[in-house]
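# A closer look at the structure
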Amino acid sequence: MKIVRKKYNNLLYVISYPDEYEEDKKYPVIFHTHGAGSRGTHLSSLNIDVPIKNNPSANEFIIVAPQCYADTWFEIFEQLIKFCEYIYEQPFTDKTRFYSSGISMGGYAAYQLMMSRPQLFSAGIVCCGGGMYWNAGRLKDIPLRVFHGEQDKTVLPCESKNMSEYINANGGNATLTLYPECDHNCWDKTFTNKENFKWLLSHKKENKDKNA
């Protein structure tokens, strides 16, 4: 995977390309929002973030990860949405295979992005996040895999349980996995499991744009 540092307005981001990347080809894209530990104005911390970090299982994807320079993603959420839409419209994006992933603070952002722009996303993976479960009906058409460590004291497991239960109660498809011995970092276990990337690729969204 080739990792490149870039900037969109004043939002820094990294983008990773498959080993055999071709400019005239469209790729499945993972739009990834990081956790609180990667906040800042220097992209070096994102080089070790998942699912980007030297992960052979993710080599079929282009992975885009913006960096939050504020205290939380929600302080710059309008900018995050615009950037997400910008990536969605890039020539390399296969619009039928545009995915969301997020961890911890970024898990909250991932839920909110999918609620705000549900028409963009084909599926999503959220680790130790949470969201406005009373608005979970907005996610009913986006298949989700949700992961949480049962020993997590930073973001309580009930956050993932509530979201999953309300998504499914509203006709959605959220599969919750709880890791019994895991604390806050459930993302390493999740993103080193190649089956989760295969699962993403199994979901495609019908697109009326024949040029997409």
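Look up a bit, the structure's there.
Our next topic: the sheet that holds strand β6 (residues 123–127). With mixed pairing, eight strands are arranged side by side in an open sheet as β1-β2-β4-β3-β5-β6-β7-β8. Either end of the sheet is taken by a strand with one partner, and the two such strands are β1 (2–8) and β8 (174–179). In this sheet, adjacent strand axes meet at a mean angle of 20 degrees when their direction is disregarded. One ladder, built from four bridges, connects strand β2 (residues 11–17) with strand β4 (residues 62–66); its direction is antiparallel. Pairing of V14 across the sheet is with A65, part of β4. Helix-sheet contacts for helix α2 (residues 105–116) involve β3 (27–33), β5 (93–103), β6 and β7 (144–149), and the interaxial angle to β5 is about 145 degrees. Where helix α3 (residues 158–169) meets the sheet, its contacts fall on β7 and β8, and the angle it forms with β8 comes to roughly 160 degrees.

In an α-helix, one turn spans 3.6 residues; hence positions three or four apart end up facing the same way. Taking 1.5 Å of rise per residue, 12 residues should cover 16 Å, and α2 covers 17 Å from first to last C-alpha, within 8% of that figure. Counting buried positions along α2 gives 11 out of 12 residues, so the element sits mostly inside the fold. Those residues of α2 lying buried are M105, G106, G107, A109, A110, Y111, Q112, L113, M114, M115 and S116. Looking at the buried positions of α2, the neighbouring elements they touch are β3, α1 (77–88), β5, β6, β7 and α3.

A few words on the side chain of D152. Tracing the sequence through the fold places D152 in the loop between β7 and α3. Salt bridges are absent for the buried D152, whose nearest opposite-charge side chain, K153, sits at 7.7 Å. A polar contact of 2.8 Å, which involves the side chain of D152, links it to the backbone nitrogen of T154. At 2.8 Å, the side chain of D152 and the side chain of H184 are in polar contact. Those residues in contact with D152 that sit more than four places away from it in its chain are C128, P157, C182, D183 and H184.

A few words on the side chain of T33. As for its position among the elements, T33 is in strand β3. For T33, a relative accessible area of 1% gives the class buried. A polar contact of 2.7 Å, which involves the side chain of T33, links it to the backbone oxygen of G106.

Another point: the pattern of salt bridges. Where charged atoms from two side chains of opposite charge approach closely, those side chains can pair. According to the stated counting rule, one finds seven salt bridges in the structure shown. Across the pair D141 and K140 runs a salt bridge, and its minimum N-O distance is 3.3 Å. By relative accessible area, which is 54% here, D141 ends up exposed. Under the relative-accessibility criterion, K140 is labelled partly exposed at 40%. Of the charged contacts, one joins E195 and K198 as a salt bridge, the two residues approaching to 3.6 Å between their closest N and O atoms. Residue E195 and its partner K198 are located together in helix α5 (residues 194–201), separated by three residues, close to a single helical turn. The exposure class assigned to E195 is partly exposed, which follows from its relative accessible area of 40%. Its relative accessible area of 48% is what places K198 among the partly exposed residues.

In this section: unusual backbone geometry. Most peptide bonds take the trans configuration, and most residues that are not glycine carry a negative phi. Positive phi outside glycine occurs at N9, with the angle close to 55 degrees. Mapped onto the secondary structure, N9 falls in the loop between β1 and β2. Here the phi dihedral of S104 falls at roughly 55 degrees; this positive angle occurs in a residue that is not glycine. By the secondary structure assignment, S104 is in the loop between β5 and α2. Taking the relative accessible area as the measure of exposure, S104 reaches 10% and is therefore buried.

This part is about the packing of aromatic side chains. For the coordinates displayed, the defined rule picks out 16 aromatic pairs. Plain terms: the ring middles of F61 and Y99 are 6.1 Å apart, the flat faces sit at 70 degrees to each other, and that makes the pair edge-to-face. Placement of F61 in the loop between β3 and β4 and of Y99 in strand β5 is noted, with a sequence separation of 38 residues between them. On the basis of relative accessible area, F61 is assigned to the buried category, the value being 0%. Residue class for Y99 comes out buried when judged on its relative accessible area of 0%.

Conventions used here
- Residues numbered from 1 in each chain as written.
- Predicted model: local features only at pLDDT ≥ 70, side-chain atom pairs only at ≥ 80, totals over all residues.
- Heavy atoms only, no water.
- Pairing = 2+ DSSP bridges.
- Helix = DSSP H or I, 4+ residues; strand = E, 2+ residues; numbered from the N terminus.
- Axes fitted to C-alpha atoms, helices over the stretch in contact; angles between N-to-C directions.
- Contact = heavy atoms within 4.5 Å.
- Expected span 1.5 Å × (residues − 1).
- Buried < 20%, exposed > 50% of the residue type's maximum accessible area, 1.4 Å probe, protein only.
- Lys, Arg positive; Asp, Glu negative; His and termini not counted.
- Salt bridge = Lys/Arg side-chain N within 4 Å of Asp/Glu carboxyl O.
- Polar contact = N/O pair within 3.5 Å; in protein donor to acceptor, adjacent residues only side chain to side chain.
- Phe/Tyr/Trp six-rings, centres within 6.5 Å; stacked < 30°, edge-to-face > 60°.

That is the geometry; function is a separate question.
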